[in-house]
Amino acid sequence: MESFVVEGGRRLTGTIRVDGAKNAALPILAACVLTEDDVLLRDMPQITDVSRMVDILRMLGCRVEASGHDMTISTRGMNRCEMPDGLSKQIRSSIFMLGPILSRFRRATVTYPGGCEIGMRPIDLHLSGLRALGVQVREEGGVIHCDGGGMHAGEVHLDYPSVGATENVMMAAATLPGTTIIHNAAREPEIADLAAFMNCCGARVSGAGSAAIAIEGVGCLHGAEYTPMPDRIVAGTLLCAAAITGGEVRLSNAPVADMTAVNAKLREMGCRVAETADEIRLTAPERLTAFSVLQTQPHPGFPTDMQAQMLALLTTARGTGVVVENVFENRFTHAGEMNRMGARILCSGRTAVVHGVPQLNGAQVTARDLRGGAALVLAGLRAAGETQVDNATLIDRGYERIERQLSALGAQIRRIHTGDM
Ligand code: UD1
């Protein structure tokens, strides 16, 4: 098992560049299946979720060559449309492969995907969206067989603006003759990024980033070179790392326009946040002030993927703050771990009430999911003494060597390998 050991109490300062976005890179990797030509992806984050997605592509017969942060994907040799069971269970984004495989082969077999344990995370919206495009879905013993022989363009009404379902339907519809419309589509910026990539490959997607997306089917897609957008959640986490230590940080390559909800909360807590086109400078007071309420919502609301980090900030802020998690039903497992460090958090259902304390104390805590794990590292940065965050590999799913990034800003953090447990 790998753990992070954090020596708290250092004020973080400096400049750091934001990596490419996980939530853009993953669906874009899946979308590569839509073309038989080579695709060159630049500035890809070196995180384990991306590696697993690459493993899936390779198992399906694709060739993927990585050189630093660049990746060349060639799907010409792809000869399978059954998703590998074991790998699919390790990563929820494996479900993104369904749409592109159907688009290319008109059939696909997938198993129920895995991922972070932050709620039930069903895939009913993905399947009902595909059914609206004429896909016949048969579920048998945890395996989902999709027959796309009768696929056609259509009108898809999502009951909820699911990010993954929106992306899956967009990809499935790319080559269907006629125009597909997705109503109540998710509006996350990574969806607009996926559409921009698909359009670089010759697709005709319009309206991505709004609640109505139109996909005009084209005969086939061609290769392209593309750089996924920078990661707004990594950027937000780095801002929070500076904020919780009373520090000062400058982010370059930041997706500034997509961070308004997070930056507004940081300002409410007393931070100075200055923005240019692609840079953010944050200066934090010695002690933050609690905001009164934060509610997670689909974009452009406050992102659920930043909830845990904001909860960490509240633990030592002046006053009491309330956090309501509206997107996932089980996303407060980090709160109990923070309480082991002396935080005062009360959780009931989807609500957490945090009474700020002047000081946290280092403890041995366990990451239960990706963002919750990152939030425990943040709490450790502020705590007196040493904090050990176990299950570090969960954090590696979405952060490229977080210990190096934080060390570059002056944090005292190292990775240790402990005996198997
Ligand atoms: C994506 C992001 C994830 C983020 C989430 C919400 C990627 C790779 N991951 O996940 O980081 O936290 O958006 O912003 O982009 N739901 C259903 N049925 C479905 C699909 C979803 O009930 O078929 C529910 C989920 O259980 C959840 C909510 O809808 O409660 C939001 O899920 P969704 O928007 O689909 O998130 P993901 O695409 O899984």
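Let us look at the structure shown here.

Cut-offs used in this document
- Residues numbered from 1 in each chain as written.
- Predicted model: local features only at pLDDT ≥ 70, side-chain atom pairs only at ≥ 80, totals over all residues.
- Heavy atoms only, no water.
- Near = heavy atom within 4 Å.
- Polar contact = N/O pair within 3.5 Å; in protein donor to acceptor, adjacent residues only side chain to side chain.
- Areas by Shrake-Rupley, 256 points an atom, 1.4 Å probe, with all protein chains shown as cover.
- Helix = DSSP H or I, 4+ residues; strand = E, 2+ residues; numbered from the N terminus.
- Buried < 20%, exposed > 50% of the residue type's maximum accessible area, 1.4 Å probe, protein only.
- Arc of directions from axis to C-beta.
- Contact = heavy atoms within 4.5 Å.
- Axes fitted to C-alpha atoms, helices over the stretch in contact; angles between N-to-C directions.
- Parallel < 35°, antiparallel > 145°, perpendicular 65-115°, else oblique.
- Nonpolar A, V, L, I, M, F, W, Y, C, P; charged D, E, K, R; others polar.
- 1 Å grid on protein atoms, 1.4 Å probe; cavity = no way out; pocket = protein on both sides within 12 Å on 5 of 7 lines; lining within 4 Å.
- Points joined across faces, edges and corners; volume = space filled by probe spheres on them.
- Pairing = 2+ DSSP bridges.
- Expected span 1.5 Å × (residues − 1).
- Core = buried A, V, L, I, M, F, W, Y, C linked by side-chain atoms within 4.5 Å.

### Structural notes on the site of the ligand
Stage number 1. Neighbouring the ligand are 20 residues; D124, L125, S162, D305 and V327 lie closest to it.
Stage number 2. The separation between an oxygen atom of the ligand and a polar main-chain atom of P122 is 3.2 Å.
Stage number 3. Side-chain polar atom of D124 to a nitrogen atom of the ligand: 2.7 Å apart, as the coordinates give it.
Stage number 4. Taken by itself the ligand offers 740 Å² of open surface, and the protein chains cover 88% of this.
Stage number 5. Contributing elements (two or more residues each) for the shell around the ligand: helix 5 (124-131) and helix 6 (163-173).

### Quick word on helix 11 (residues 333-340)
Stage number 1. Residues of helix 11 that are buried include every one of H334, A335, E337 and M338, and no others. Buried residues of helix 11, viewed axially, fall in a sector of 165°; they line one side.
Stage number 2. Buried residues belonging to helix 11 abut helix 10 (307-315), strand 19 (344-348), strand 21 (364-366) and helix 12 (370-382).
Stage number 3. A positive phi of about 100° marks G342, the residue just after helix 11.

### Digging into the packing of helix 1 (residues 22-31) against helix 2 (residues 48-59)
Stage number 1. Relative to each other, helix 1 and helix 2 sit at 5°, their axes nearing to 10 Å. By the angle class used here, helix 1 and helix 2 are roughly parallel. Of the residues in helix 2, those in contact with K22, A25, L26, L29 and A30 of helix 1 are D49, V50, M53, V54 and L57.
Stage number 2. Looking at the contact of helix 1 with helix 2, its residues break down into eight nonpolar, no polar and two charged.

### Brief notes about the layout of surface pockets
Stage number 1. The volume enclosed by the second largest pocket comes to roughly 160 Å³.
Stage number 2. In terms of lining residues, the second largest pocket is bounded by E2, Q46, I47, T48, D396, Y399, E400, R401, R404 and R415.
Stage number 3. Counted by class, the lining of the second largest pocket contains two nonpolar, two polar and six charged residues.

### A word on the sheet that holds strand 21
Stage number 1. Overall, mixed pairing links the four strands, which are arranged 21-22-1-23 in an open sheet. Single-partner strands in this sheet number two, and they are strand 21 and strand 23 (412-417). Here the strands of the sheet are splayed against their neighbours by 25° on average, with no regard to which way each runs.
Stage number 2. Pairing of strand 1 (residues 2-7) with strand 23, which is carried by six bridges, proceeds in the antiparallel orientation. Bridge assignment links V5 to a residue of strand 23, and that residue is R414.
Stage number 3. Contacts from helix 12 reach strand 1, strand 21, strand 22 (386-390) and strand 23, with the element oriented near 25° to strand 1.

### Concerning the sheet that holds strand 10 (residues 179-183)
Stage number 1. Within the open sheet, the four strands sit side by side as 9-10-12-11. Their pairing is mixed. Here the strands that pair on one side only, and so sit at the sheet edges, are strand 9 (155-157) and strand 11 (204-206). Taken over all neighbouring pairs, the strand axes of this sheet differ in orientation by 15° on average, direction set aside.
Stage number 2. Pairing of strand 11 with strand 12 (residues 212-216) involves three bridges; the strand directions are antiparallel. Bridging across to strand 12, V205 finds its partner in I215.

### A few points about helix 7 (residues 189-200)
Stage number 1. Here helix 7 is twelve residues long and its end C-alpha atoms lie 17 Å apart, about the 16 Å a rise of 1.5 Å per residue gives.
Stage number 2. Among the residues of helix 7, P189, E190, I191, D193, L194, A195, F197 and M198 are the ones counted as buried.
Stage number 3. Downstream of helix 7 by one or two residues, G202 has phi in the positive range, about 100°.

### Regarding the nonpolar core
Stage number 1. Among the nonpolar cores identified, the biggest contains 76 residues, and L29, L41, M97, M170, F197 and M198 are the most heavily contacted of them.
Stage number 2. When residues of this core are assigned to their parent elements, the largest contribution, seven residues, is made by helix 1.
Stage number 3. In contact with L41, other than residues within four places in its own chain, are I28, L29, C32, H69, D70, M71, I73, F197 and Y226.
Stage number 4. Core analysis: the second largest hydrophobic core is formed by 74 residues, L12, V323, M338 and I402 among them.

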